[in-house]
Amino acid sequence: MDTPIFNYGELPEFKKFTPENISKEFPIVLEKITEDFKKIEKNLSNYLIQNDLNWDKVINPLNEVNEILRWSWGVISHLNAVNNSESLRNIYSKFLPEIISLSNKFGQSKIIYKALVKLKETNNFDQVKNRILDKEILDMQHKGISLPKNDQEEFNNISEKLGKLSTDFSNNVLDATNKWFLILSKKSEVDGLPERVLELMAISAHSHLNKNEEVDIKNGPWKLSLDIPTYTSFMTYATDRNLREKLYKAFVGRASQGEKNNSQIIEEILSLRTKQANLLGYKSWAELSLSTKMAKEIKNVENLLEELREPAYQTAKIELETLNNFSKANGFPKSQNIEPWDISFWSELLRKEKFNLDQESLRPWFPLNDVLKGLFKLSEKLFEIKVVETTDEAPIWNDDVLFFNILDKADNKIASFYLDPYSRPKSKRGGAWMDECLNKNNITLPVAYLVCNQTPPSKDKPSLMSFEEVQTLFHEFGHGLQHMLTTVNLPQAAGINNVEWDAVELPSQFMENWCFHKNTLLNIAKHYKTGEKLSDENFEKLVNNRTFNCGMATLRQLHFAITDLRLHSSIDQNKGKTADEIRREIAKQTTVIEPIQEDQFLCCFSHIFAGGYSAGYYSYKWAEVLSADAFSMFEEADLENSEDLNLIGKKFKDTILSLGGSLPPLDIFKLFRGREPQTDSLIRHLGLAGAT
């Protein structure tokens, strides 16, 4: 008999997770979980009667059954995101309602709820255990434990509908992104594009057209598509304005037409979320969402966003005027205004003139291997760890994937992680993320998935990263560090577990700051052919570039965050308006070029409609305040003083990275920083100080 593929607590044998094997074996896993759950309820019933409750009897069995479900469904979800296929997608959709139903069953068990409440009332636990219990009890209340039977049934139906709608939303975005393309055959259509991009597009066209002859980079054909590396490069470098317009309109209009239209799904999701929040006694989904977050109240979020919006808006207006003047002085028709598809193109030309910085020409200094070495060297210095590649040791889902172990200073293995670095538009969703493969407990070491979508290697070149891709890698590694360097032994609060959503970006954004630290960057950046180091002059250009068009960039994030919050909170104000109309109202204060008619960005805003960021997109900025303020402690000490760096790095590791969700994030921040967070460092880092 074949060995089962669902071996909870181990690294998954990804290649064995075929749609056939999942279909055959996952129902057995679900059956076992259901049986275990019944046993737990039976045991807890007896303990309640006998008044014999303790932590090990209540929490440990619950954690084990939850972990089996998280691990098993986690592998399927992970493969659905990085190795998507029609058959896997169908299986994911088929089992999703059962997962939601099971989750509701756990969350609505009266026996478990009674046991948790009784356990808290009758014991004098420490702060960590009390925090875990409070979270478990609140989670159950948010799953409808206290609702009357009819309301509970409605709540469960809504949960299932929301699960299906989110999956449909995500699939529509992926399909719409993959469906649109143009085959270009004239050289004038690809004028201005760097060779690297032409190569990517030529290979893509070659494979699309099933051609037999050699790929011809110089003469084409080239395939223009909506995957991020191609889209951003074309918008930045292509001189053909008509094609840029066509590409831009296709990108911002994804999943907004035909049978893959997400507009109606958005309205349904918003309506169902409001209903669900109301059933639980909250005025809005945002109020429900914030009840478990560091910000606590809507007005606190609004205050922060407004504190950043005003200086960002003033700065962005000046930036747009500068761009307008520059473009007209360089051949843009004087009678026309700059449109959204002109911003990246003219910004790049202005950047070249202002800083003499050609970002594309710096890629050869950032081959993936050297970037990884530099990142690991920095982590070794700050956090007393070693990172060692051991890809041969681990099962992987694609030949691009790398595997690493993390060792402590005594060379003991304390964690591991997967890195899936490259874009694969056909089978891998866009964006970058960190997820848990294994959680830390008394037996298991933590293992993380780090997923990026950067430029893949080509025939004769390694993956040459843009500086933005370097920052993204540092960002995801920061998330990974919090998962992997945890010292909390209770799995419910280890790593990123139990960390409030709006604080979870702190370590990731903190790590990005090191990309602008001279020693760190110059240790990383070596030309892949000559080994020549990046010059001091180019480093200064990158630092100056950090705040280039910072007003527009910040405003863009605030536009997303304010739209998300308003869609999920101002119910009375929103009545009778579509989500798109609400977004366009907000755009008057959060954009300096109003969205064009074709711009249906919400239809591909997966973060809030298919990810975990609903009424939480503000978290990026909230956590950026924390991360900028944390990094300023290193700046105040002296970034060039190794001894100081080691001391503060150790303190950062022992508080923010180690303590995970064991204490409230504000308490952990104060343990590190010695005071409450302040916004000045972020406003300075963003280059908005002049506008305040």
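Look a little higher up for the structure.
Residues numbered from 1 in each chain as written. Predicted model: local features only at pLDDT ≥ 70, side-chain atom pairs only at ≥ 80, totals over all residues. Heavy atoms only, no water.

Draft legend 1. Inspection of the pairing of strand β6 (residues 433–438) at higher detail. Of all six residues in β6, five are buried, a share of seventy percent or more. As paired elements, β6 and strand β7 (residues 447–454) share five bridges and run antiparallel to each other. Opposite Asp435, over in β7, you have Tyr449 as the bridge partner. (Buried < 20%, exposed > 50% of the residue type's maximum accessible area, 1.4 Å probe, protein only. Helix = DSSP H or I, 4+ residues; strand = E, 2+ residues; numbered from the N terminus. Pairing = 2+ DSSP bridges.)

Draft legend 2. Focus on the environment of Lys32. Topologically, Lys32 is positioned in helix α1 (residues 19–50). When its relative accessible area of 47% is taken as the criterion, Lys32 is described as partly exposed. Each C-alpha atom, one on Lys32 and one on Asn242, is 58 Å from the other, the two residues being 210 residues apart in sequence.

Draft legend 3. Geometry of a nonpolar patch on the surface. A cluster of nonpolar side chains, namely Phe181, Ile183 and Leu209, defines an oily patch on the protein surface of about 220 Å² accessible area. Accessibility expressed as a relative area gives 37% for Leu209, which makes it partly exposed. (Patch = residues over 30% accessible without salt bridge, like charges linked within 9 Å, V, L, I, M, F, W, Y side chains within 5 Å. Areas by Shrake-Rupley, 256 points an atom, 1.4 Å probe, with all protein chains shown as cover. Salt bridge = Lys/Arg side-chain N within 4 Å of Asp/Glu carboxyl O.)

Draft legend 4. Looking closely at the layout of surface pockets. Considering only enclosed or pocket space, the second largest pocket measures out at about 830 Å³ in volume. As for the second largest pocket, its lining consists of 36 residues, of which Leu200, Met201, Ser204, Thr230 and Pro456 are closest to the centre. Elements supplying a minimum of two residues to the lining of the second largest pocket: α6 (149–179), α7 (195–208), β2 (222–225) and α8 (228–237). A total of nine residues in the lining of the second largest pocket trace back to one element, the largest contributor, which is α7. Partitioned by chemical class, the residues of the lining of the second largest pocket number 15 nonpolar, ten polar and eleven charged. (1 Å grid on protein atoms, 1.4 Å probe; cavity = no way out; pocket = protein on both sides within 12 Å on 5 of 7 lines; lining within 4 Å. Points joined across faces, edges and corners; volume = space filled by probe spheres on them. Nonpolar A, V, L, I, M, F, W, Y, C, P; charged D, E, K, R; others polar.)

Draft legend 5. Representation of the sheet that holds strand β4 (residues 402–407). Strand order in the open sheet formed by five strands is β3-β4-β5-β7-β6, and the pairing between neighbours is mixed. Strands at the two margins of the open sheet, each flanked by one partner only, are β3 (386–389) and β6. When strand polarity is set aside, the average angle formed by the axes of neighbouring strands in this sheet is 25°. Relative to β4, β3 runs antiparallel, the two being bridged by four bridges. (Axes fitted to C-alpha atoms, helices over the stretch in contact; angles between N-to-C directions.)

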